[in-house]
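Structure at a glance
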Amino acid sequence: GAICFYTEGVRLVIEGSPVLEDLRAIEGAGTHLIVCQTCLVHYGLAERLRVGVVGGMGDILAAQAKAAAVVSI
């Protein structure tokens, strides 16, 4: 599976995030964390990324297309 982070959601994968350790554990268990590069740059957070793989909207859409179900929160 995968969790995709875009728009304000990229704030969850940067240093200082209250859920950073939880996300590291999820990633360590095999879940792909895909982080929108454009969003990181837009919010000036690219240097603060601490977990996940930077990708583009194409990567996020591909992950959603492969999924049996997509949940948005």
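The following refers to the structure shown. Everything numeric here is computed off the predicted structure, so don't read it as measured data.

1. Quick word on the overall build of the chain
Counting its regular elements, the chain contains 3 helices and 3 strands. Listing each helix as α and each strand as β along the chain from the N terminus yields β-α-β-α-β-α. In summary, the chain has a C-alpha radius of gyration of 12 Å against a globular reference of 11 Å for 73 residues, a match within 12%. A principal-axis box enclosing the C-alpha atoms of the chain has dimensions of 30 × 25 × 20 Å. When each of the 73 residues of the chain is scored for burial, the buried share is 26%. In the chain, the share of contacts with a sequence separation of at least 24, taken over all contacts with a separation of at least 6, comes to 64%. Of the accessible surface of the chain, which amounts to about 4700 Å², a share of 58% is contributed by carbon and sulfur atoms.

2. A word on the environment of Arg-24
Checked against the element boundaries, Arg-24 lands in helix 1 (residues 20–28). Separated by 26 residues in the primary sequence, Arg-24 and Arg-50 have C-alpha atoms spaced 8.8 Å apart. In contact with Arg-24, other than residues within four places in its own chain, are Arg-50 and Val-51.

3. Concerning the sheet that holds strand 3 (residues 53–55)
The sheet built from 3 strands is open, its strands ordered 1-2-3 with parallel pairing. The open sheet has two edge strands with one neighbour each: strand 1 (2–5) and strand 3. The mean angle between the axes of side-by-side strands here comes to 30°, regardless of whether they run parallel or antiparallel. As judged from the 3 bridges shared by strand 2 (residues 32–36) and strand 3, these two strands associate in the parallel manner. Residue pairing for strand 3: Cys-36 is matched across the bridge by Gly-55.

Conventions adopted
- Residues numbered from 1 in each chain as written.
- Predicted model: local features only at pLDDT ≥ 70, side-chain atom pairs only at ≥ 80, totals over all residues.
- Heavy atoms only, no water.
- Helix = DSSP H or I, 4+ residues; strand = E, 2+ residues; numbered from the N terminus.
- Rg over C-alpha atoms; globule rule 2.2 N^0.38 Å.
- Buried < 20%, exposed > 50% of the residue type's maximum accessible area, 1.4 Å probe, protein only.
- Contact = heavy atoms within 4.5 Å.
- Areas by Shrake-Rupley, 256 points an atom, 1.4 Å probe, with all protein chains shown as cover.
- Pairing = 2+ DSSP bridges.
- Axes fitted to C-alpha atoms, helices over the stretch in contact; angles between N-to-C directions.

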